[in-house]
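Single-letter residue listing:
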Protein chains: 2
Amino acid sequence: MEIAVIGCGPGGYAAAIEAALRGAEVTVISNELGGECLNRGCIPTKLILKKKANRATLEKIIEQFNDITEQTKQGMYYNLKKHKVKLINGIASIDGTGTVFVDEQRIFYDYLIIATGSKANVVDLPPKYNVIDCFELLKTPDKLPPEVCILGAGAVGLEFAEILNNLGVKVTVSEQADEIIPSADVELARRLRITMQECGIGFSLHNTVPTCKNVICCCGRIPVLPFGAEFLYDNKKRLPLNENFKTIIPNIYAIGDCTGKSFEAAFAVNQAQRVVDDIFSIENNHSYEIAHCIYTSPNLAWVGTAGNSDLTVRYSLNEMLYNFDEAESAMMKITYDPASRRITSVHILSKQADTLISTAQMILRQNMTVDEMRTVCFPHPTVSEAFREIAMRAVK
Amino acid sequence: MEIAVIGCGPGGYAAAIEAALRGAEVTVISNELGGECLNRGCIPTKLILKKKANRATLEKIIEQFNDITEQTKQGMYYNLKKHKVKLINGIASIDGTGTVFVDEQRIFYDYLIIATGSKANVVDLPPKYNVIDCFELLKTPDKLPPEVCILGAGAVGLEFAEILNNLGVKVTVSEQADEIIPSADVELARRLRITMQECGIGFSLHNTVPTCKNVICCCGRIPVLPFGAEFLYDNKKRLPLNENFKTIIPNIYAIGDCTGKSFEAAFAVNQAQRVVDDIFSIENNHSYEIAHCIYTSPNLAWVGTAGNSDLTVRYSLNEMLYNFDEAESAMMKITYDPASRRITSVHILSKQADTLISTAQMILRQNMTVDEMRTVCFPHPTVSEAFREIAMRAVK
């Protein structure tokens with residue numbers, strides 16, 4: 001079986017390796033291994049955040065990032081080769097005849113997986129504003145402006161706000177909603193905002209207008225599809241997909257950012273696995289508990305959705321004996337169904353939320369009740385014990 | 001219902017609070033809130049390890065520890081009071097008549113829970129050796145000896161070895177077994193030993209003889225029972241317990257270190273919950289996936305037991321893009337049953353093993369297969385993604 005994959009970000013790469021593991025002959029067409037995530041997105045921002053880059057250290061951290069990127073690309077290249085995946089460097093176009101075109105080459109396929117990612121949504125602003133690409137800015141630490149306004153208080157906007165604030169830039173974040181991160185728990189989002197304010201970051205809520213001349217747009221992302229993909233659209237120029245990410249053409253799938261369904265790398269990888277399992281008719285008990293994480297200080301992470309009649313329990317992570325370096329605002333919050341007592345969502349504001357949330361994913365995946373969570377024997381002393389502590393507060 | 005609890009370490013405290021939450025009238029007899037764990041064990045060692053105390057900072061960290069201990073005791077005191085638990089300061093003795101004696105007082109009970117902990121097993125050594133109490137030593141940083149030998153390469157021995165090595169003391173660890181931490185995975189134990197050796201700690205395996213004059217005994221612990229507890233013994237002077245930690249007297253239970261079954265705080269808390277549920281006839285789906293953790297750099301943590309015919313998969317955590325501060329020796333190792341493909345054990349050597357292991361506990365608790373683990377959508381980029389990466393290496 002021949003499978004073509006367009007794009008080699010987290011989704012495309014995972015699809016290629018998974019398909020090759022299943023025995024397919026795979027061809028990947030990519031003009032940039034790692035995609036946005038590795039080259040300008042998750043990886044550099046998380047590295048800079050974790051290292052708490054300041055003006056003195058930024059250049060070295062960017063060098064380290066370049067090394068990591070280079071090594072990772074080599075690793076990806078090696079791994080693709082090891083799994084006998086053919087890699088074509090270039091920009092692909094498609095048509096309705098079952099062919100992928102790259103320059104003069106034609107690639108035929110039994111199945112096509114489109115994983116072409118997304119691009120930043122740069123809003124139109126009057127010419128008096130100077131719209132800056134934040135990632136480009138970080139490469140030239142000497143040219144940092146004294147002041148910037150970030151439009152949009154989602155994950156990307158907040159992470160850049162923290163990075164620039166650490167670098168001594170005066171930052172104001174403009175957000176049109178009532179609170180930052182409208183998709184997160186509003187109480188923890190507010191706690192995070194106040195913590196960030198205490199670190200010197202300004203916020204302007206209910207506002208879409210930049211507060212100064214230099215503007216960084218973090219207003220979401222726009223799906224990108226290959227040239228010629230219009231034959232996959234419906235009459236509203238949207239890309240319809242079935243539950244297994246199949247387009248209207250039975251042997252063409254789309255995954256990741258380009259579907260517009262989610263702009264998170266983890267989701268793209270999950271979709272890649274589901275698509276390959278669908279192509280190979282493999283039954284798998286796929287997990288759908290997508291955890292979200294914002295890598296600010298502290299991290300904000302969450303999984304699950306509270307029902308309307310659910311009960312809420314809060315636990316201040318500062319109360320924990322062992323968690324002696326925790327942020328003052330740190331909190332865990334769970335919701336559970338009062339009848340079944342099953343946990344429906346977990347929200348964590350903590351320095352370690354990025355790691356802790358995976359335990360919460362597993363808790364949700366097994367439909368655990370608060371009473372069962374109370375009895376889990378976490379090692380002592382660890383921050384994971386918060387799951388037991390919070391469950392204690394829900395004892396009947 | 002009146003419940004008496006003797007001891008207020010992690011087990012006794014948990015038993016008292018759990019019983020009070022269930023509506024019992026609880027009396028706790030304790031001569032030291034927090035027990036060994038808070039006052040000389042888990043908490044001070046983990047604090048000193050996490051802070052990487054050196055000679056310049058130790059005094060300040062010990063001060064911080066004293067503050068934490070004081071605050072925690074106040075917190076425990078307040079929480080006991082809030083739950084209407086009566087606290088008696090003193091040393092208890094018991095007899096077969098259903099009475100607890102503390103000085104002149106007599107306490108009657110419907111149920112008694114014994115949680116009197118353990119003491120260090122100090123081996124008899126010829127007088128030429130100078131046996132040192134390590135925790136006392138840390139309180140007098142000026143008097144640190146130039147060289148010590150630690151007898152026993154279990155959790156306590158290794159943690160003290162790292163602490164003293166960081167403080168500039170020449171440390172050799174003597175261990176009678178073939179490898180350090182005989183209860184852990186031998187491959188990861190070896191990796192940890194080599195990493196510790198590279199930091200300057202000496203090891204003498206197959207050896208029970210001290211390598212120098214100053215000796216610290218970390219040769220396990222000895223259960224401690226209240227005065228007069230002999231009526232609970234069998235004819236081999238052991239304390240028989242049923243599966244719910246009930247002694248031969250139907251209304252007397254024993255939990256934690258004093259049972260000799262385990263010397264881990266988390267296990268004592270778990271037993272406290274099980275005992276209280278047993279007293280109140282509460283059905284609970286208790287977790288038995290006890291995770292073990294050694295808080296060295298890197299941490300070594302594990303959960304589960306491999307079967308003889310199980311398959312093993314290894315994954316070097318250094319390969320992870322995001323895990324850029326990881327130890328070179330860092331590794332995750334899983335075993336799974338080849339027929340059911342269920343994961344039977346997870347072993348982690350990593351700076352974050354203490355937190356990661358709780359996700360592994362949840363993975364084991366739900367009898368997850370390697371194929372299911374592969375499909376979990378962990379946030380990106382996080383070290384939790386190692387669970388997916390290692391599962392990829394077990395694809396059929």
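Keep in mind that this is a model prediction, so the values were computed, not measured. Positions within a chain are numbered from 1, following the residues in the order the chain's sequence is written. Naming scheme: in the order in which they are written, chains are lettered from A and ligands are numbered from 1. Only residues with pLDDT of at least 70 get local features here, since the model is predicted, and only at 80 or more are side-chain atom pairs given and counted; chain-wide, interface and lining totals rely on the full set of residues. Only hydrogens and water are set aside when side-chain values are computed; all heavy atoms of the structure are taken into account.

**Notes on the domain arrangement of chain A**
Residue and element names in this part refer to chain A. As a reminder of what qualifies: These domain boundaries are the output of an automatic or database domain assignment. Two residues form a contact once any of their heavy atoms are found within 4.5 Å. Here the quantity called buried area is the accessible surface, traced with a 1.4 Å probe, that two parts lose on coming together, added over both. In what follows, salt bridge is the name for a side-chain nitrogen of Lys or Arg lying within 4 Å of a carboxyl oxygen of Asp or Glu. Two N or O atoms count as a polar contact when they lie within 3.5 Å, although within protein this holds only if one can serve as hydrogen donor and the other as acceptor, and sequence-adjacent residues are included solely when both atoms are side-chain atoms.
One can read the domain layout of chain A as domain 1 (2-120 + 221-279), domain 2 (130-217) and domain 3 (292-392). Its C-alpha centre places domain 1 at a distance of 33 Å from the equivalent point of domain 3. Facing five residues of domain 1, the contacting portion of domain 3 comprises four residues. Both sides together, the interface formed by domain 1 and domain 3 hides about 390 Å², and carbon and sulfur atoms give 49% of it. When the buried surface of domain 1 facing domain 3 is broken down by residue, Lys46, Leu49 and Glu264 rank first, second and third, together holding 70% of it. Seen at the junction of domain 1 and domain 3, the total is one salt bridge. Among the ionic pairs, Lys50 bridges to Asp354, the shortest N-O distance being 3.4 Å. There are three residue pairs in polar contact (both at pLDDT 80 or more) connecting domain 1 and domain 3.

**Points about the confidence of the model for chain A**
So the rule is basically this: Known as pLDDT, the predictor's per-residue confidence is scaled from 0 to 100.
Of all residues in chain A, 99% have pLDDT values of 70 or greater, and the mean over the chain is 94. If you check the scores for this complex, the pTM reads 0.94 and the ipTM reads 0.93.

**Considerations on the interface of chain A and chain B**
We count it as follows: Only DSSP runs of H or I with at least four residues qualify as helices, and only runs of E with at least two residues qualify as strands; both kinds are numbered from the N terminus onward. Three residue categories are used. Nonpolar comprises Ala, Val, Leu, Ile, Met, Phe, Trp, Tyr, Cys and Pro, charged comprises Asp, Glu, Lys and Arg, and polar comprises the others, including Gly.
The partner chain B presents 65 residues to the 65 residues of chain A that form the contact. Between chain A and chain B, a total of about 5400 Å² is buried, with carbon and sulfur atoms accounting for 59% of that surface. Close ionic contact of A:Arg374 with B:Asp277 constitutes a salt bridge, the shortest N to O distance being 3.6 Å. Linking chain A with chain B are 19 residue pairs in polar contact (both at pLDDT 80 or more). Going through the elements one at a time, helix H1 (10-21), helix H2 (35-39), helix H3 (42-50), helix H4 (58-82), helix H8 (265-279), helix H9 (353-365), helix H10 (370-374) and helix H11 (386-392) of chain A are the ones with two or more residues in the side of chain A that touches chain B. The dominant element in the side of chain A that touches chain B, judged by the number of residues it contributes, is H9(A), at ten residues. A per-class count over the side of chain A that touches chain B returns 32 nonpolar, 18 polar and 15 charged.

**Describing the packing of aromatic side chains**
Residues and elements named next belong to chain B. Selection rule: Here a Phe, Tyr or Trp ring, Trp counted by its six-membered ring, pairs with any other such ring whose centre lies within 6.5 Å, and the pair is stacked when the planes are under 30 degrees apart, edge-to-face when over 60, and tilted otherwise. Residue exposure (1.4 Å probe, protein chains only): buried if accessible area is under 20% of the type maximum, exposed if over 50%, otherwise partly exposed.
Applying the stated rule across the entire model yields six aromatic pairs over all chains. Judged by centre distance (6.4 Å) and plane angle (45°), the ring pair of Tyr111 and Tyr253 falls under tilted. Here Tyr111 is found in strand E7 (residues 111-114), whereas its partner Tyr253 is found in strand E15 (residues 252-254), with 142 residues between them in sequence. The interplanar angle of 40° and the centroid separation of 6.0 Å between the aromatic rings of Phe378 and Phe387 together place this pair among those described as tilted. Look at Phe387 and you get buried, because its relative accessible area is 0%.

**Regarding the pairing of strand E20 (residues 343-350) of chain B**
Residues and elements named next belong to chain B. Here is the rule: At least two bridges found by DSSP between two strands are what make those strands a pair.
The buried fraction of E20 amounts to eight of the eight residues, a majority that puts the element mostly inside the structure. Pairing between strand E17 (residues 299-304) and E20: six bridges, direction antiparallel. Paired with Gly304 across the bridge in E20 is Ser345. For strand E19 (residues 331-336) and E20, the ladder comprises six bridges, and the chain directions are antiparallel. Within E20, the residue paired with Met332 across the bridge is Ile348.

**Some details on helix H6 (residues 155-166) of chain A**
For an α-helix the count is 3.6 residues per turn, leaving residues at separations of three or four pointing the same way. All names here are of chain A. So the rule is basically this: The span one expects for a helix is its residue count, reduced by one, times 1.5 Å.
Compared with an ideal rise of 1.5 Å per residue, which puts twelve residues at 16 Å, H6 spans 17 Å between its outermost C-alpha atoms and is within 8% of the ideal. The buried fraction of H6 is high, at nine of twelve residues. By the burial criterion, the buried members of H6 are Gly157, Leu158, Glu159, Phe160, Ala161, Glu162, Ile163, Leu164 and Asn165. Just past H6, the residue Gly168 takes up positive phi, approximately 85°.

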